[in-house]
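Observations on the three-dimensional arrangement
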Amino acid sequence: RPERTLGLIKPDGYPVHKEDIFARIKTAGFEVVCEKEFTFDRKVAETFYQEHKERPFYEELVTWMSSAPISAFVLEKVGAVRAWRDLMGPTNPQKAREEAPDSLRALFGSEAPRNAVHGSDSQQSAQREITLLFPDVSPVPPKPTQ
Ligand code: CMP
């Protein structure tokens, strides 16, 4: 069944790599349900990354992510969560260059947290993240009409 996931192009990828990234998204067969440019309010970034609150990189991550405009988008496809994570590659861009040299983080990331793109890590996270950033968009695909 089709599902939806949330993607971000982070400040190191936006706007410089936006065109390349969306070209790869289209080639991989995703439907782009919606997209917007915005700058994270610090409080919203803290909520977005709440599961990392205890990690040593949390402060740096939240400060950086709310420092400049980014692109956020909802992608739809069968198995979208997994497919978007596969296209991004491993979190650590150096590891990505070794293990998935054609992935977005291998191509456009530098060093964590600067890894160019974000993707939800589960369907549950996708629903939470889509609802947070796109309150007017359904986090799941509409039911087919019969
Ligand atoms: P993202 O997919 O947005 O989810 C959490 C983010 O935290 C991750 O991408 C990186 O940007 C950042 N991150 C994860 N691990 C580390 C790390 N070890 N050091 C710095 N930043 C990290």
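Computed from a prediction, not measured in an experiment: that's the story for all the values here. (Residues numbered from 1 in each chain as written. Predicted model: local features only at pLDDT ≥ 70, side-chain atom pairs only at ≥ 80, totals over all residues.)

**Looking at the pairing of strand E1 (residues 2-9)**
Most of E1 sits out of view: seven of its eight residues are buried. Where E1 meets strand E3 (residues 70-78), eight bridges bridge the pair, whose relative direction is antiparallel. Note on E3: the bridge partner recorded for Glu-3 is Lys-77. With three bridges connecting them, E1 and strand E4 (residues 117-119) associate as antiparallel partners. Looking across to E4, one finds that Ile-9 is bridged to Val-117. (Buried ≥ 20, exposed ≤ 12 C-beta atoms within 10 Å, placed from the backbone. Helix = DSSP H or I, 4+ residues; strand = E, 2+ residues; numbered from the N terminus. Pairing = 2+ DSSP bridges.)

**A short note on the UniProt feature "binding site: ATP" (unreviewed entry) in the protein chain**
Under the feature "binding site: ATP" (unreviewed entry), the UniProt entry names Lys-10, Phe-57, Arg-85, Thr-91, Arg-105 and Asn-115. By the secondary structure assignment, Phe-57 is in the loop between helix H2 (42-48) and helix H3 (58-65). Here Arg-105 shows up in helix H6 (residues 104-108). If we skip the residues at most four places from it in the chain, Arg-105 touches Met-88, Gly-89, Pro-90, Pro-93, Ala-96, Asn-115, Ala-116 and Val-117. (UniProt positions renumbered as here; feature names shortened; annotations may be inferred. Contact = placed C-beta atoms within 7 Å.)

**Quick look at the sheet that holds E1**
Through backbone hydrogen bonds, the strands of a sheet pair up, either in parallel or in antiparallel fashion. The four strands are arranged E2-E3-E1-E4 in an open sheet whose pairing can be described as antiparallel. Among the strands making up the open sheet, the edge pair consists of strand E2 (31-38) and E4. Between one strand axis and the next, the sheet turns by 20 degrees as a mean value, whatever way the strands run. As defined by bridge partners, E2 adjoins E3 across seven bridges and the pair is classed as antiparallel. When the bridges of E3 are listed, Glu-31 appears paired with Glu-76. Contacting E1 and E3, helix H7 (residues 123-133) crosses the sheet at an angle of about 60 degrees to E1. (Axes fitted to C-alpha atoms, helices over the stretch in contact; angles between N-to-C directions.)

**Looking at the site of the ligand**
What surrounds the ligand is the set His-52, Phe-57, Leu-61, Thr-91, Ala-112, Pro-113, Asn-115 and His-118. Split by residue class, the shell around the ligand holds four nonpolar, four polar and no charged. (Near = placed C-beta within 6 Å. Nonpolar A, V, L, I, M, F, W, Y, C, P; charged D, E, K, R; others polar.)

**Thoughts on the nonpolar core**
Nonpolar side chains in soluble globular proteins tend to be buried together. Judged by nonpolar contacts, the single largest core of 26 residues is most densely connected at Ile-9, Leu-75, Trp-84, Leu-104 and Val-117. When contributions to this core are tallied by element, the ones reaching two or more residues are E1, helix H1 (18-27), H3, E3, helix H4 (80-88), H6 and H7. Not counting the four nearest positions on each side in its chain, Val-117 is found in contact with Gly-7, Leu-8, Ile-9, Lys-10, Gly-13, Ile-21, Met-88, Leu-104 and Arg-105. (Core = buried A, V, L, I, M, F, W, Y, C linked by C-beta atoms within 7 Å.)

**Points about the environment of Glu-35**
Its location among the elements puts Glu-35 in strand E2. Accessibility expressed as a C-beta count within 10 Å gives 16 for Glu-35, which makes it partly exposed. Beyond its immediate sequence surroundings of up to four residues, Glu-35 is in contact with Ser-71 and Phe-73.

**Quick notes on unusual backbone geometry**
The omega torsion across Tyr-14 and Pro-15 is 0 degrees, close enough to zero to call that bond cis. Within the secondary structure, Pro-15 is located in the loop between E1 and H1. Ala-112 connects to Pro-113 through a cis peptide bond whose omega is 10 degrees. Unusually for a residue other than glycine, Ala-116 sits at a positive phi of about 70 degrees. Relative to the helices and strands, Ala-116 resides in the loop between H6 and E4. Owing to 26 C-beta atoms within 10 Å, Ala-116 belongs among the buried residues under this scheme.

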